[in-house]
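Here is what each chain is made of, one letter per residue.
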Amino acid sequence: MRDQGARAAVEINAVTKRFGNVVAVADFSLEVQRGELVTLLGPSGCGKTTTLRIVAGFERPDSGRVFIFGREVTHVPPERRDVGMVFQNYALFPHMTVFQNVAFPMRIAKRPKREIREKVREYLALVRLEGLEGRYVTQLSGGQKQRVALARALARSPKILLLDEPLSALDAKIRIQLREEIRQLQQKLGITTLYVTHDQEEALSISDRIVVMNEGNIEQVGAPTEIYFRPRTLFVASFVGTMNFFTGTAVTTGGEIKLKWHEVLLSLPPGANVKPGEAISVGVRPERLSLAFDGVTIPPGHNVIPGDVSFVTFLGSIMRVEVMLADGTKVKIDLPTKEGVNPQRGQKVYLCFSPDDAVVLKT
Ligand SMILES: Nc1ncnc2c1ncn2[C@@H]1O[C@H](COP(=O)(O)OP(=O)(O)OP(=O)(O)O)[C@@H](O)[C@H]1O
Ligand SMILES: [Mg+2]
């Protein structure tokens, strides 16, 4: 008998799922702790929905096992797994009212009428839809529909909440508002949640941890700040946020290992595990780069690369500057804005960054 108290809320253990020749999910293992919100993030077709459907029970893995609070559910049907799922594009019943939609799973589970009424009211209030019980789903906005779907998934008090791209059908402003609401609600209820998105900003903003997926495999698992500041693979570095890359060969000069990028030698962050002759990329975020206009104000120890300003966008709080380097590479730099400081197109500048702010990635 497993010790249920000590186990993770969700445990996916070496799960593989194939569709014909396609390996949708490849030897996937993950533990989600109680109360955690973990996001599966990755490009279209990388296996996010399939993984979620395996946890929900709509899909059987070819191999591997799934546990929910220590109980093996690999072969348990969805309705007996105690999970609530919000599907992409709502999947609401159009011929039913808001009330009937939210009540539906509880009716199927044959809950007493009174309990259903109370739960529907409680959860509609939680998603701020009081007073809309009698409306038909077709009479709601996209954001309201998504709230109904959320209330429906939560009303049965599931142990696990599964959300598959719940915001993808909404426009940008409502998406941001609703993602904050979902996160606040999730924290308030303390419900363990597995969330799927291909939107990296959404993942960074709401998750306790992010699982970056690529072609059915896990590239990296970590807190949003870890994924952002310490990507471990080129894929993660380029998929999450904006990253500038300098790619070349590692060389040893004066007992120190550096990156030879064209004729420039770039210092690597301390502890970089690189051997001479290795092909590597040094990645630097736009906000970790600065510009010097005169060569004098470059901080000691910084890497310096000359270039020409090719494009400037003023965005209020930041200035996004594009600098073209001698080899044609375009580098993006985000500068905090200051009145009177206006880099001009064509201006000669020096890009600078501290080696501490760079990540080294094997190519
Ligand atoms: N029922 C199915 N039959 C055949 N192939 C499938 C089936 N479901 C998924 N696939 C394939 O498995 C792979 C993973 O699909 P999945 O839907 O899990 O991706 P996803 O990461 O959710 O993508 P998206 O961001 O586009 O929703 C894809 O190559 C997809 O074509
Ligand atoms: Mg999907």
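Residues numbered from 1 in each chain as written. Chains lettered and ligands numbered in written order. Predicted model: local features only at pLDDT ≥ 70, side-chain atom pairs only at ≥ 80, totals over all residues.

**So, the site of ligand 1**
Contacts to ligand 1 come from Phe19, Val22, Ala24, Gly42, Ser44, Gly45, Cys46, Gly47, Lys48, Thr49, Thr50 and His198. Residue assignment for the shell around ligand 1 shows that the elements contributing at least two residues are strand 2 (22-32) and helix 1 (48-56). Of all the elements, helix 1 adds the most residues to the shell around ligand 1, at 3 residues. Along the lines of polarity and charge, the residues of the shell around ligand 1 split into 4 nonpolar, 7 polar and 1 charged. (Near = placed C-beta within 6 Å. Helix = DSSP H or I, 4+ residues; strand = E, 2+ residues; numbered from the N terminus. Nonpolar A, V, L, I, M, F, W, Y, C, P; charged D, E, K, R; others polar.)

**Brief notes about the sheet that holds strand 15 (residues 290-292)**
Sheets are built from strands paired through backbone hydrogen bonds, the pairs being either parallel or antiparallel. Reading across from one edge, 15-19-16-17-18 is the order of the 5 strands in this open sheet, with antiparallel pairing throughout. The strands lining the two open edges of the sheet, one partner per strand, are strand 15 and strand 18 (330-336). On average, each strand axis in the sheet is inclined to that of its neighbour by 50°, with strand direction left out of account. Two strands pair when backbone bridges link them, and strand 16 (residues 303-314) and strand 19 (residues 348-353) are joined in this way by 6 bridges, in the antiparallel orientation. (Pairing = 2+ DSSP bridges. Axes fitted to C-alpha atoms, helices over the stretch in contact; angles between N-to-C directions.)

**A word on the environment of glutamate 226**
Within the element layout of this structure, glutamate 226 appears in helix 7 (residues 224-229). Given 14 C-beta atoms within 10 Å, glutamate 226 falls into the partly exposed group. C-alpha separation for the pair glutamate 226 and cysteine 46, spaced 180 residues apart in sequence, amounts to 21 Å. (Buried ≥ 20, exposed ≤ 12 C-beta atoms within 10 Å, placed from the backbone.)

**Focus: the sheet that holds strand 11 (residues 244-253)**
As summarised here, the arrangement of the 5 strands in space is 13-12-11-14-20, forming an open sheet in which the pairing is antiparallel. Across the chains shown, the open sheet's two edge strands, defined by having one partner strand only, are strand 13 (264-267) and strand 20 (359-362). Strand-to-strand twist in this sheet, taken as the mean axis angle between neighbours without regard to direction, amounts to 45°. The pairing of strand 11 with strand 14 (residues 279-284) spans 6 bridges and is classified as antiparallel. What sits directly across from phenylalanine 245, in strand 14, is glycine 283.

**As for the domain arrangement of the protein chain**
Domains assigned within the protein chain are domain 1 (4-239) and domain 2 (244-362). The straight-line distance from the C-alpha centre of domain 1 to that of domain 2 is 39 Å. Contacts between the two partners involve 5 residues from domain 1 and, on the opposite side, 4 residues from domain 2. Class assignment for the residues of the side of domain 1 that touches domain 2 results in 3 nonpolar, 1 polar and 1 charged. (Domains from an automatic or database assignment. Contact = placed C-beta atoms within 7 Å.)

**Topic: the pairing of strand 19**
The element strand 19 is largely enclosed, with a buried count of 5 among its 6 residues. With 3 bridges joining them, strand 15 and strand 19 adopt antiparallel strand pairing. Its bridge partner being in strand 19, leucine 291 is matched across the sheet by leucine 351.

**What to know about helix 1**
Helix 1 sits mainly inside the fold: 9 of its 9 residues count as buried. Listing the buried residues of helix 1 in full gives Lys48, Thr49, Thr50, Thr51, Leu52, Arg53, Ile54, Val55 and Ala56. Backbone geometry just downstream of helix 1 places glycine 57 in the positive-phi region, at approximately 100°.

**Describing the nonpolar core**
Among the nonpolar cores identified, the biggest contains 87 residues, and Val55, Val102, Ala151, Leu162, Leu194, Val212 and Leu351 are the most heavily contacted of them. Among the elements that make up this core, the one with the highest residue count is helix 4 (residues 142-155) (7 residues). In this structure valine 212 touches Leu41, Gly42, Glu219, Gln220, Ile227, Val236, Phe239 and Val240, once residues within four positions along its chain are discounted. (Core = buried A, V, L, I, M, F, W, Y, C linked by C-beta atoms within 7 Å.)

**Examining the environment of proline 286**
Within the secondary structure layout, proline 286 lies in the loop between strand 14 and strand 15. You can call proline 286 partly exposed: it has 18 C-beta atoms within 10 Å. In this structure the C-alpha to C-alpha distance between proline 286 and alanine 9, which are 277 residues apart in sequence, comes to 38 Å. The contact partners of proline 286, leaving out residues within four places of it in the chain, are Thr242, Asn244, Lys332, Ile333 and Asp334.

**Topic: the packing of helix 3 (residues 113-126) against helix 4**
How two helices sit against one another is set out by the angle between their axes and by the gap between those axes. Where helix 3 meets helix 4, the closest approach of the two axes is 9 Å, and the angle between their N-to-C directions is 135°. The orientation of helix 3 relative to helix 4 falls into the category oblique. When you trace helix 3 past helix 4, the crossing you get is right-handed. Contacts from Lys119, Val120, Tyr123, Leu124 and Leu126 in helix 3 reach Ala151, Leu154 and Ala155 in helix 4. Across the contact of helix 3 with helix 4, the residue classes break down as 7 nonpolar, no polar and 1 charged. (Parallel < 35°, antiparallel > 145°, perpendicular 65-115°, else oblique. Left-handed = near helix turned anticlockwise from the far one by under 90°.)

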